[in-house]
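An overview of the molecular structure
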Amino acid sequence: FAFYLPRRFSGRLPHPAVLALALCYGLMQYTIAQSSNLMWLGGIYLLPLILLGVYDLTHRGRIGLLAGAFALNLIFNWYIAAVNALFSLMVLILELLFREERGPDAPGGGTAFFRWCRAGVRSLLLAAFSFLPMVLYLTRGKGAALDVHLRWDAFLGNALSTLSNYRIWSICQPGTVTWYCGGIALFGLLLFLLVPGISRKKKCAGLIAVLFLNLCY
């Protein structure tokens, strides 16, 4: 994440801010909870590369980094790769909305989405030697049928739990979420919403994105 931030913001973030945000990212509750289950951490350290690839796509029209990061994620853990891909699509929309000016190589919205899809297809081809045998294996086992006996209430929780759990050492439980290690990022969001000179469109897009993610959690 410390590799991603200076490149995404063109060196405009001071080094202490980069360090603090990178520590927030690296020490989030999910990472700590999965520290004994290393296969789930691949998506954590590859996500900044994926996001940098999205930035390259929206501002320079290049998809190489995005396709390569997607492919590595698929090889290491296809499940979390799908989650990262969905998240990157939301970030793609935000990057298009936040783009200050469109350079000669920067694609329009429809073209950017098409290139994002191309990057996904290219990553599937690059990772096919690992991904395809796994898909064939799943279709012959548990993945051959859809389990319709899901308890949807187990996936639902109180969206306000992010406020009640905002304290040190708080741990995510089923139906609850804690954002404690994201405190600095949330403070930055508050400043982003309050300071003048930022367009209303950007402020609305940022706020909607955070609320949408909170509901997903």
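Located above this text is the structure these notes cover.
Residues numbered from 1 in each chain as written. Predicted model: local features only at pLDDT ≥ 70, side-chain atom pairs only at ≥ 80, totals over all residues. Heavy atoms only, no water.

**Examining the overall build of the protein chain**
A count of helical and extended segments in the protein chain gives 11 helices and 0 strands. Overall, the protein chain shows an N-to-C arrangement of helices and strands of α-α-α-α-α-α-α-α-α-α-α. At 19 Å, the protein chain has a C-alpha radius of gyration in line with the 17 Å of a compact globule built from 217 residues. Seen along its three principal axes, the alpha-carbon backbone of the protein chain occupies a region of about 60 × 45 × 30 Å. Residues classed as buried in the protein chain amount to 34% of the 217 residues present. Counted over contacts in the protein chain with a minimum sequence separation of 6, partners at least 24 positions apart contribute 58%. Averaging the locations of the 18 positively and 7 negatively charged side chains of the protein chain gives two centres separated by 1 Å. (Helix = DSSP H or I, 4+ residues; strand = E, 2+ residues; numbered from the N terminus. Rg over C-alpha atoms; globule rule 2.2 N^0.38 Å. Buried < 20%, exposed > 50% of the residue type's maximum accessible area, 1.4 Å probe, protein only. Contact = heavy atoms within 4.5 Å. Lys, Arg positive; Asp, Glu negative; His and termini not counted. Charge placed at Lys NZ, Arg CZ, Asp CG, Glu CD.)

**Examining the nonpolar core**
Core analysis: the biggest nonpolar cluster contains 24 residues, and Leu 57, Leu 66, Phe 70, Leu 92 and Trp 116 have the highest contact counts within it. Top contributing element to this core by residue count: helix H4 (residues 42-60), with 7 residues. With 5 residues, the next largest nonpolar core counts Met 90, Leu 94, Ala 205 and Leu 213 among its residues. (Core = buried A, V, L, I, M, F, W, Y, C linked by side-chain atoms within 4.5 Å.)

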